[in-house]
Amino acid sequence: MNAQLEENTTAVNGLLHGRSFVIDLEWKFPDDLDLAVLCVGHAGTPNTLVYYGSPGARSVAPFVHLAHESTGDGRMKQRREHMVVVNSNAHERMFIFVWDHNAVAEGRDANFLQDPEGYEVTVTDRRNQCVNLQQAPKTGNCILVGKIEGNVITNIGEPNLVTSIDNQMKQLSIMASKPERAMQ
Amino acid sequence: MSLNATQQSYLDQVRVGALSDLTVCADLGKVEVSAYRNKNFRELLFAIDSTNSISRNDWITIFATGLVENSGWIEDDVLDTGAYAEIGHLHEVYGRGDLGIRIVMDLAERATKLPNNSMSFTRRTIRESFNGIRPMSEQQLFTVKRFFESLKYHTKEDVLLLLHIQEETKGLDNAKGFDRFFATHIRDAVIEQSDQTDSSIRSLVYSTLIASDEVTAAECLAITMLKDAGFKLSTLLLSRIDTSMDELMGVDFDIR
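Because the structure is predicted, anything quoted here is derived from the model rather than measured.

Peer 1: How do you make sense of the overall build of chain A when you look at a structure like this?
Peer 2: Looking only at helices and strands, chain A has three helices and 12 strands in total. Counting over 184 residues, chain A shows a buried share of 53%. By element, 48% of the accessible surface of chain A is carried by carbon and sulfur atoms, the whole surface being about 8,300 Å².

Peer 1: Help me understand the pattern of salt bridges, please; the structure alone is not making it clear to me.
Peer 2: Two side chains bearing opposite charge may form a pair once their charged atoms approach each other closely. Throughout the structure, instances matching the rule amount to 25 salt bridges over all chains. Taking the shortest distance from any N to any O, the salt bridge between Glu 92 of chain A and Arg 93 of chain A comes out at 2.9 Å. Residue Arg 93 of chain A is classed as buried on the basis of its relative accessible area, which comes to 15%. Residues joined in a network through salt bridges with shared partners are Arg 58 of chain A together with Glu 167, Lys 170, Asp 213, Glu 214 and Glu 219 of chain B.

Peer 1: I'm lost on the side chain of Thr 169 of chain B in this one. Help?
Peer 2: Residues and elements named next belong to chain B. Inspection of the secondary structure puts Thr 169 in the loop between helix H9 (156-168) and helix H10 (178-193). Among the residues examined, Thr 169 registers a relative accessible area of 1% and is labelled buried. Not counting residues within four places of it along the chain, the set of residues in contact with Thr 169 comprises Phe 130, Arg 134, Pro 135, Met 136, Asn 174 and Phe 178.

Peer 1: How do you make sense of the side chain of Glu 81 of chain A when you look at a structure like this?
Peer 2: Residue and element names in this part refer to chain A. Take Glu 81: it is sitting in strand S7 (residues 80-85). For Glu 81, a relative accessible area of 2% corresponds to the buried category. Within the structure, Glu 81 has its side chain in polar contact with the backbone nitrogen of Leu 35 (distance 3.3 Å).

Peer 1: Looking at this structure, I do not really get the interface of chain A and chain B. What am I missing?
Peer 2: It is common to give the size of an interface as the accessible area lost on bringing the parts into contact. Each side of the interface is counted separately: chain A has 21 residues, and chain B has 24 residues. Buried surface at the junction of chain A and chain B, summed over both partners, amounts to about 1,600 Å²; 43% is from carbon and sulfur atoms. Along the contact surface separating chain A from chain B lie four salt bridges. The salt bridge involving Glu 167 of chain B is made with Arg 58 of chain A; its shortest N-O contact spans 2.8 Å. Where chain A meets chain B, there are 11 residue pairs in polar contact (both at pLDDT 80 or more). Of all elements in the fold, only strand S2 (21-27), strand S6 (64-68), S7 and strand S9 (119-125) of chain A reach the threshold of two or more residues within the side of chain A that touches chain B. Take the side of chain A that touches chain B: its biggest share by element is three residues, from S7 of chain A. Residues of the side of chain A that touches chain B, tallied by class, amount to seven nonpolar, nine polar and five charged.

Peer 1: Could you clarify how one ought to interpret the domain arrangement of chain B in this entry?
Peer 2: Residue and element names in this part refer to chain B. Parsing chain B into structural domains produces domain 1 (1-129) and domain 2 (149-256). Facing four residues of domain 1, the contacting portion of domain 2 comprises seven residues. Across the domain 1 to domain 2 interface the summed buried area is about 510 Å²; carbon plus sulfur atoms make up 63%. Together, Arg 123, Ile 126 and Arg 127 form the three largest contributors to the area buried by domain 1 at its contact with domain 2, with a combined 86%.

Peer 1: What should I look at first to understand the sheet that holds strand S10 (residues 130-133) of chain A in this one?
Peer 2: For sheets, the rule is that strands pair by backbone hydrogen bonds, running either parallel or antiparallel. Residues and elements named next belong to chain A. If you walk across this open sheet you meet the six strands as S5-S6-S7-S2-S9-S10, and the pairing is antiparallel. Sheet topology places strand S5 (56-57) and S10 at the edges, where each strand pairs with a single neighbour. Of the pairings in the sheet, the one linking S9 to S10 comprises four bridges and is antiparallel in character. Across the sheet, Thr 122 pairs through a bridge with Asn 132, a residue of S10.

Calculation rules
Residues numbered from 1 in each chain as written. Chains lettered and ligands numbered in written order. Predicted model: local features only at pLDDT ≥ 70, side-chain atom pairs only at ≥ 80, totals over all residues. Heavy atoms only, no water. Helix = DSSP H or I, 4+ residues; strand = E, 2+ residues; numbered from the N terminus. Buried < 20%, exposed > 50% of the residue type's maximum accessible area, 1.4 Å probe, protein only. Areas by Shrake-Rupley, 256 points an atom, 1.4 Å probe, with all protein chains shown as cover. Salt bridge = Lys/Arg side-chain N within 4 Å of Asp/Glu carboxyl O. Contact = heavy atoms within 4.5 Å. Polar contact = N/O pair within 3.5 Å; in protein donor to acceptor, adjacent residues only side chain to side chain. Buried area = accessible area lost by both parts, 1.4 Å probe. Nonpolar A, V, L, I, M, F, W, Y, C, P; charged D, E, K, R; others polar. Domains from an automatic or database assignment. Pairing = 2+ DSSP bridges.

Okay, here's the thing in structure tokens:
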């Protein structure tokens, strides 16, 4: 088993209460980050990627919704994205991704190292318990930040280089399956 | 945060469910009323409320009644301006609990002289209590209704608050009566403005309902009530009912 992946996937950050929670992404650098959740369905149901191009829904599947996208330009830009998970039980597990929009479009590294604390992902449950997922990857433009399975939230922080936003669903699915393969 | 180690440990146990409702209420119910004048104890109360894990009615007495009666926030029927600052700060630090709106409403109703920012603070407390994962519980609905029923008329801020609550409770198990509460106040807000030249509230309501990404039973009921009240609605707005009816088959429209 890949030692790094083993270390990453066994680092349990916390336990969530209930089946509803919010995921917040806030950042200072780079210019435009995107928050996404890959919902891995129970046996026989397809995976769903919730992101700005497919913001999901709360009342119907996938019961995950990107509620607020970043708005504004330049200094007025609000660097925040907010995801609402109404029912996590609808999925076997969920993977949280953050990517640099421009770097992915250009197929280059995001160079997150310019500001190691440039972004922060926070998961908050109905008991107002917060779990912070924060990493400073050295390479790549798309980070597999963490995994939620049942009520266990796990820090992963795996950097990847995504070269196209057109087939990101496929790429993210492959990326998300890596830790699972490592654990087998 | 200024909780001592014992209080922090107690809070942690409440948060993870290691202490039952009964135990927490018994422990805090024994506390002398003079303790409510201690800022540190009030912080513990707000921190426990923020865990949203105490659902007994005794908790309302300990938290809301206890703070209104014994905190010293109200003297000679005047609400101390420091109360809002303290409540706001504790909500920022710990998050908003089930009784966050209740305490603000109770204080506002009990005192005869309120700070100038009372309405905006109450609206903000209500607004920030709904963050997409907290349904409108019976307790919350009871308290929020008190706010809206106390209004002489609906301002644009009140309508924005209603629309925010509706948006942030979509897909959740809201208390029975919420749909009707929302629809009635939306209709009344539009009716109140119908004899005025300023149509900003009407425009706000119509455009929000048309743009709604997931049409709910509450929104359908609001459109229906506006139609029944004699407002001429656009085909686009009426189509929101038609297109959503199939999706809402089986939903209790809660018309009482």
